[in-house]
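Observations on the three-dimensional arrangement
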Amino acid sequence: MNMCAALMLFQHAYDPQAPVHGAPWLWFSIIKILVVFTVLMVTIAYLTLAERKISAWIQDRHGPNRVGPRGLAQPLADGLKNIMKEETYPSAAYSPLFILAPVMSFIPALITFAVIPFAAPLPTRWGLVDMSIADLPVGFLYILAIASLGVYGIVLAGWSSNNKYALLGGLRSSAQMVSYEVSMGLAVVSVLLLSGNVSLSSIVSSQVKTGWYFFPLLIGFFLFLVAAFAETNRLPFDLPEAESELIAGYHTEYSSMKFSMFFIAEYSNMTTASALLTTLFFGGWAVPFWTTVNTAPWHWWKTVITLVCFMLKTGFFLFLYMWIRWTLPRFRYDQLMSVGWKVMLPIALAYLVVMAGAVLALDAAGIAPTARLGGFLPTYWTLLGVLNIVLAVLVFVVLDRGRLVSPASARVGPVELAELRAMSTRRPAPVQGD
Amino acid sequence: MAIQVKVLERPIRQTSYVRAMLKGMAITFKHLTNPHKVTWQYPEQKWDLSPRWRGTHRMLTDENGKAKCVACGLCPQICPANCIKLVPGEDEEGNRYPLVYEIDEFRCIFCGYCQEVCPEEAIHVGRHYENSEYSRAGFVYDLERLTAQTHPVCEMWDPADPRGE
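Residues numbered from 1 in each chain as written. Chains lettered and ligands numbered in written order. Predicted model: local features only at pLDDT ≥ 70, side-chain atom pairs only at ≥ 80, totals over all residues. Heavy atoms only, no water.

Below, the discussion takes up unusual backbone geometry. All names here are of chain A. Of note, the phi angle at aspartate 60 is positive, near 60 degrees, even though the residue is not glycine. Positionally, aspartate 60 belongs in the loop between helix 2 (23–58) and helix 3 (74–84). Residue classification places aspartate 60 among the buried residues on the basis of a relative accessible area of 13%. (Helix = DSSP H or I, 4+ residues; strand = E, 2+ residues; numbered from the N terminus. Buried < 20%, exposed > 50% of the residue type's maximum accessible area, 1.4 Å probe, protein only.)

Before going further, it helps to spend a moment on helix 4 (residues 95–111) of chain A. Residues and elements named next belong to chain A. Taking 1.5 Å as the rise per residue, helix 4 with 17 residues should run 24 Å; its terminal C-alpha atoms sit 25 Å apart, in good agreement. Where helix 4 bends most, at alanine 101, the angle is about 25 degrees, and the proline proline 102 comes one to four residues later. Among all positions of helix 4, only Leu97, Phe98, Ala101, Pro102, Ser105, Phe106, Pro108, Ala109 and Leu110 are buried. Looking at the packing, one finds that the buried side of helix 4 touches helix 2, helix 5 (139–147), helix 6 (150–160) and helix 11 (256–281). (Expected span 1.5 Å × (residues − 1). Bend = angle between axes of the 7 residues up to and from the residue. Contact = heavy atoms within 4.5 Å.)

Bringing the sheet that holds strand 2 (residues 84–90) of chain B into the picture now. In any sheet, the strands associate via hydrogen bonds between backbone groups, in a parallel or an antiparallel arrangement. Residue and element names in this part refer to chain B. Taking strand neighbours across the sheet as the criterion, the three strands line up as 2-3-5 in an open arrangement whose pairing is antiparallel. Pairing within the sheet leaves two strands with one partner each, and these edge strands are strand 2 and strand 5 (140–141). Sheet analysis places strand 2 next to strand 3 (residues 96–104), joined by seven bridges and oriented antiparallel. In the sheet register, leucine 86 faces strand 3, and the bridge partner there is tyrosine 101. (Pairing = 2+ DSSP bridges.)

Okay, the packing of helix 4 of chain A against helix 6 of chain A next. All names here are of chain A. The geometry of helix 4 relative to helix 6 is characterised by a closest axis approach of 7 Å and an angle of 160 degrees between their N-to-C directions. As summarised for this structure, helix 4 and helix 6 are arranged roughly antiparallel, according to the angle between their axes. Once helix 4 is placed against helix 6, the crossing between them reads as left-handed. Counted together, Leu97, Phe98, Ala101, Met104, Ser105 and Pro108 of helix 4 and Gly150, Tyr152, Gly153, Leu156, Ala157, Trp159 and Ser160 of helix 6 form the full contact between these two elements. (Axes fitted to C-alpha atoms, helices over the stretch in contact; angles between N-to-C directions. Parallel < 35°, antiparallel > 145°, perpendicular 65-115°, else oblique. Left-handed = near helix turned anticlockwise from the far one by under 90°.)

This part takes up the confidence of the model for chain B. Close inspection of predicted coordinates is inappropriate in any region flagged by low pLDDT. Residue-level pLDDT values for chain B average 84, and 90% of them are 70 or greater. Among the prediction metrics, the complex's ipTM stands at 0.73, with pTM recorded as 0.79. (pLDDT = per-residue confidence, 0-100.)

Attention now moves to a nonpolar patch on the surface. All names here are of chain A. On the surface, a nonpolar cluster with roughly 630 Å² of combined accessible area is contributed by Trp290, Trp300, Trp301, Val304, Val308 and Leu312. Considering the arrangement of structural elements, one finds tryptophan 300 in helix 13 (residues 300–325). By relative accessible area, tryptophan 300 is classed as exposed at 54%. (Patch = residues over 30% accessible without salt bridge, like charges linked within 9 Å, V, L, I, M, F, W, Y side chains within 5 Å. Areas by Shrake-Rupley, 256 points an atom, 1.4 Å probe, with all protein chains shown as cover. Salt bridge = Lys/Arg side-chain N within 4 Å of Asp/Glu carboxyl O.)

Let's shift gears to the state of the cysteines. Residue and element names in this part refer to chain B. Summed over the entire model, instances satisfying the criterion amount to zero disulfides over all chains. We note that cysteine 108 lacks a disulfide partner, and the nearest cysteine sulfur, in cysteine 83, lies 4.4 Å from it. Cysteine 108 sits in the buried class, given a relative accessible area of 13%. (Disulfide = S-S within 2.5 Å.)

Residue and element names in this part refer to chain A. In this structure, alanine 296 sits in the loop between helix 12 (291–294) and helix 13. Take alanine 296: its relative accessible area is 51%, and that puts it in the exposed class. Once the C-alpha coordinates of alanine 296 and proline 121 are considered, the two residues, 175 residues apart in sequence, prove to be 9.0 Å apart.

On to the nonpolar core. In this structure, Leu200, Phe224, Leu280 and Phe281 of chain A are the most contacted members of the largest nonpolar core, which totals 99 residues. When residues in this core are grouped by element, the largest group, 14 residues, is from helix 14 (residues 333–364) of chain A. With sequence-adjacent residues up to four places away left out, phenylalanine 224 of chain A is seen in contact with Phe140, Met184, Ala187, Val188, Leu276, Leu277, Leu280 and Phe281 of chain A. The next biggest cluster of nonpolar side chains, apart from the first, holds 19 residues, and it includes Met59, Tyr101, Ile103 and Cys114 of chain B. (Core = buried A, V, L, I, M, F, W, Y, C linked by side-chain atoms within 4.5 Å.)

Next up, the structure:
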C-alpha cells in the first residue's frame with residue numbers, strides 16, 4: 001500500500017502540466033526571487049541610462065557615450081560613484097527615521113513586482129512553475145496595499161530631514177499620492193468587473209480568452225495611466241521633487257547610497273506601473289493573434305516567447321514614461337489637486353457606474369464574454385469598445401474645451417478687456433533707464 | 001484674500017491641454033528620431049579656428065633657429081596684463097637679444113597687442129587653445145618653449161581686408 005501511494009506521489013510529482021508543489025515549489029520560489037530581483041535591479045540600472053539617452057536624443061544631444069561602448073557601462077560607473085560617496089547626516093535631522101526612510105520607499109517599490117505574471121507557466125520535471133514570484137489570489141489588492149506604503153518613505157524622508165524644502169516635498173507627495181490612489185483604484189474596478197477576479201494571472205488568462213481590455217476599457221486605461229504617473233511621482237506630476245522650486249524635494253538632504261535608494265525606488269515603481277499597465281490592459285504576457293502560444297499545453301519555448309512579449313510591452317510603457325517626462329512641464333499644485341479631485345475622481349466614478357450598467361446589460365442580454373461576432377470579433381469586447389469610444393469622444397471634447405487645466409485667471413469680461421486694451425494703447429511702452 | 005492674477009482669456013485652441021500635449025509629444029518624438037545631433041564630440045572632433053584666433057603664443061625663429069626677437073621692449077611696454085617679462089642682452093657685435101623672455105599665459109588676456117607692436121614679427125599669438133597645466137608655474141612659457149611651438153600663428157585684423165576674406 002505504501003508503495004502504491006509512493007508511486008502515485010511519484011507520478012503526480014513528475015507531471016509537467018500540473019502545478020509544482022512541496023519542496024520543489026520552495027526551491028523554485030527562491031530561484032525566482034533571486035532571478036527576478038537581479039533582473040529588476042539590472043533593468044533599473046539601465047533605465048537610468050535609457051532615461052539619460054532618451055532625454056539627450058529628444059534635446060538633440062548624444063547622451064552619455066564615454067564609459068564603455070556607446071556609454072553602456074555608464075550605470076556601473078554611476079553605481080560605483082554612489083557607493084564611494086560620503087554619507088551625510090544633517091545635524092538637525094532625526095536620525096532613526098532619516099535612515100529608515102529610504103528603506104521604506106525602497107522595499108515596497110521592489111516587492112510590488114512579486115505578484116506580476118511575467119511569462120507563461122514553465123513546465124519542468126517537477127511540475128508547472130508559475131512565472132510570477134507569488135501568484136496571490138488577492139493579486140491587485142496586494143499591489144494597491146503595498147504601493148500606498150511607498151508614500152511613507154517619502155513623507156518620513158521629508159519630515160526627518162528637518163529641512164523646509166524636504167518637508168514641503170513630503171507634504172506634497174502625501175497629498176498627491178492619496179488623491180490619485182482613489183481614482184487609480186476606481187479605474188481598476190472596471191477591469192475586475194470584466195475579469196471577475198483580482199488575481200493577476202486570471203486577469204491575463206481572461207484577456208487571452210476575451211481580448212485585451214484596453215479597448216473595452218479605454219477610459220479606464222487613460223485614468224489608470226494618468227494615476228500611475230501621479231503615483232510614481234514622474235513628470236508632469238513630480239511635485240514632490242520639483243528641482244526648480246524645492247531643490248530636490250524630499251531627498252534634498254540625502255547623499256550617496258541613500259539617495260540612490262530613492263532613485264531605485266522611483267525607477268522600480270515605474271517598472272511596476274508599466275508592468276501593471278501591461279497586465280491589466282494589454283494582455284500581460286499574451287502574444288497578440290497567436291492563440292497557440294497563449295494557451296496550454298505549456299512548453300518552454302512558449303515561456304520564452306511570452307517573456308519577450310511581456311518585456312516589449314513593459315518596455316513600451318517605460319519609454320512612454322520617459323517620452324512624457326521630457327515633453328511636459330510640471331503642473332502647478334492647485335492644478336494637480338483640481339485634476340485629481342475635480343476631473344479624475346468624478347470621471348472614474350461615473351465611468352464605473354456606466355461600465356457596471358453596461359456589463360449588467362450585456363449579461364442580461366445573454367451575451368457570453370467568449371461569444372464572437374461573425375466568428376472573429378469578440379461581441380462583448382466590441383460592444384464595450386464602441387461604448388468606450390463614444391464616451392472617450394465625449395470626455396475629451398468636454399475636457400478639451402480649455403477646462404482640463406485652467407488658465408491662471410479669473411474671467412475677464414468684455415468691459416474690462418476693452419479697458420485693458422485702452423490702457424495699453426494710452427500708455428506708451430516704458431523707455432529703458434526711465 | 002488670495003491674490004488673483006488676471007490673465008486675458010485666450011481662445012480654446014491656445015488653452016487646451018490635451019491638444020497641446022499631443023503636439024508637444026509629436027515634436028519631441030521628431031527630435032528623438034532625428035539623427036542630427038548638435039553636440040561636438042570634443043577631443044575627437046574639433047572646431048575650425050578662425051584665422052584671426054588669438055591663442056597660445058609662439059615665437060618665430062630665423063633661418064638659424066634663433067628667436068627673431070631683438071629685445072626692443074615694446075611688447076612688455078604695451079602689454080595691458082603685464083604678463084611679459086623681458087631682460088635684454090647684447091652680444092659682442094652689438095646685436096640685442098632677449099636674455100630672459102617669459103610670457104605668463106595664465107595672466108595673458110590674449111589681446112594680441114604684442115604681435116601688433118612687434119617690429120620684427122617675432123612674437124605671435126597662435127591658433128591654438130589647449131594649454132592646460134597641472135601647476136601655475138607651468139603656465140609661464142620661457143623662450144625655449146615659445147620657440148618650440150609649432151601651431152599656425154594668428155593673422156591679425158587687416159584694415160585693407162576688414163572681413164578677413
